[in-house]
Amino acid sequence: LFPYTTLFRSNKNGEFYNKLHFIAKAIGWPNIANGNEDWNVAWYDKPEKLKTAKDVVAELNASKDDDFDKFLSAASAKFKLTEAEIINALTLYKKFGVGPYGDLGLDSWLRVNPKTVKDKVYLVLENAKTPLHFREIANGVNRFSDKKRAPATVHNELIRDPRFILVGRGVYTLK
């Protein structure tokens with residue numbers, strides 16, 4: 001099971017991919033699963049591998065917990081696959097991603113795709129595991145944010161959100 005997007009990303013115009021796609025269609029191997037808005041194009045040798053990949057994704061979507069490590073161990077036991085095989089299957093799903101601190105999971109998860117400033121502040125403090133001054137928090141938010149935030153904006157979010165506690169002069173931690 002190979003998601004072509006990761007294998008052939010280096011060729012900007014897709015010429016190499018198009019040639020391989022043509023050859024695969026002509027000789028009938030490997031099988032090609034066409035992509036759509038939720039799935040990347042995938043190359044596979046056995047149909048059951050593609051079905052297993054879709055089952056793994058369905059299991060991740062059904063997961064009530066945002067803990068990828070917990071999901072990974074449960075899925076590994078349920079599907080009798082290695083962790084690498086499960087992650088490979090999940091890369092076919094376009095809504096699977098990697099967060100700013102390397103956390104894996106669905107794009108809807110806070111650790112993977114923080115949307116608001118307060119979510120980004122939460123991630124910075126959670127990753128630091130120690131109280132930080134609001135300017136340090138603002139620097140942490142700006143490291144993985146495309147729009148730079150002023151320390152005052154971050155400080156206002158720290159004051160408003162009950163998840164953050166003031167522990168010193170301008171120093172905050174998680175509740």
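Criteria and thresholds
Residues numbered from 1 in each chain as written. Predicted model: local features only at pLDDT ≥ 70, side-chain atom pairs only at ≥ 80, totals over all residues. Heavy atoms only, no water. Helix = DSSP H or I, 4+ residues; strand = E, 2+ residues; numbered from the N terminus. Buried < 20%, exposed > 50% of the residue type's maximum accessible area, 1.4 Å probe, protein only. Contact = heavy atoms within 4.5 Å. Patch = residues over 30% accessible without salt bridge, like charges linked within 9 Å, V, L, I, M, F, W, Y side chains within 5 Å. Areas by Shrake-Rupley, 256 points an atom, 1.4 Å probe, with all protein chains shown as cover. Salt bridge = Lys/Arg side-chain N within 4 Å of Asp/Glu carboxyl O. Expected span 1.5 Å × (residues − 1). Arc of directions from axis to C-beta. Polar contact = N/O pair within 3.5 Å; in protein donor to acceptor, adjacent residues only side chain to side chain.

Peer 1: Which residues make up the side chain of Glu157, and what values do they have?
Peer 2: By the secondary structure assignment, Glu157 is in helix H8 (residues 151–160). On the basis of relative accessibility, which here comes to 16%, the residue Glu157 falls in the buried class. Excluding anything up to four places from it in sequence, Glu157 contacts Val117, Lys118 and Phe164.

Peer 1: Could you give an account of the side chain of Asn40, with specific residues and numbers?
Peer 2: By the secondary structure assignment, Asn40 is in the loop between strand E2 (31–33) and strand E3 (42–44). Exposure remark for Asn40: the relative accessible area of 14% places this residue in the buried category.

Peer 1: Please give an account of a nonpolar patch on the surface that cites residues and values.
Peer 2: On the surface, Phe22, Ile23, Ile27 and Trp29 cluster together to form a nonpolar patch covering roughly 500 Å² of accessible area. One can find Trp29 in the loop between helix H2 (15–27) and E2.

Peer 1: Can you tell me about helix H4 (residues 68–79), naming the residues and giving the values?
Peer 2: For H4, which comprises twelve residues, the first-to-last C-alpha distance of 16 Å matches the rise-based estimate of 16 Å (1.5 Å per residue) to within 8%. All of the buried residues in H4 are Phe68, Phe71, Leu72, Ala75 and Phe79. The buried residues of H4 all sit within an arc of 100° when viewed along its axis, so they share a single face. On its buried face, H4 sits against helix H3 (47–62), helix H5 (83–90), strand E4 (96–98) and strand E5 (104–106). The backbone nitrogen of Asp69 has a side-chain oxygen 3.3 Å away, supplied by the residue at the start of H4, namely Asp67.

Peer 1: Explain the environment of Gly35 to me, and be specific about the residues and the numbers.
Peer 2: Examined against the element boundaries, Gly35 turns out to sit in the loop between E2 and E3. Those residues in contact with Gly35 that lie beyond four places of it in its chain are Asn40 and Val41.

Peer 1: Go over unusual backbone geometry, please, and point to the residues and values.
Peer 2: The residue Lys80 is not glycine, and still its phi comes out positive at about 55°. Inspection of the secondary structure puts Lys80 in the loop between H4 and H5. Even without a glycine there, the phi angle at Lys129 is positive, about 60°. Along the chain, Lys129 falls in the loop between helix H6 (117–128) and strand E6 (132–133).

Peer 1: A description of the environment of Leu174 should follow, citing residues and the corresponding values.
Peer 2: One can find Leu174 in strand E8 (residues 171–174). You can call Leu174 partly exposed: its relative accessible area is 24%. Separated by 51 residues in sequence, Leu174 and Leu123 have C-alpha atoms that sit 10.0 Å apart. Contacts of Leu174, omitting those with residues within four sequence positions, involve Tyr122, Leu125, Glu126, Arg163, Phe164 and Ile165.

Peer 1: Describe the pattern of salt bridges, naming the residues involved and giving the relevant values.
Peer 2: Pairing is possible between side chains of opposite charge, provided their charged atoms come close. Applying the stated criterion across every chain, the model contains nine salt bridges. Salt-bridge contacts for Asp45 lead to Lys49; the nearest nitrogen and oxygen are separated by 3.4 Å. We classify Asp45 as partly exposed; its relative accessible area is 32%. Between Asp119 and Arg163 there is a salt bridge, with its nearest N and O atoms 3.7 Å apart. Residue Asp119 is found in helix H6, and its partner Arg163 is found in the loop between H8 and strand E7 (164–168); the two are separated by 44 residues along the sequence. Residue Asp119 is classed as buried on the basis of its relative accessible area of 17%. The class for Arg163 is partly exposed, based on a relative accessible area of 28%.

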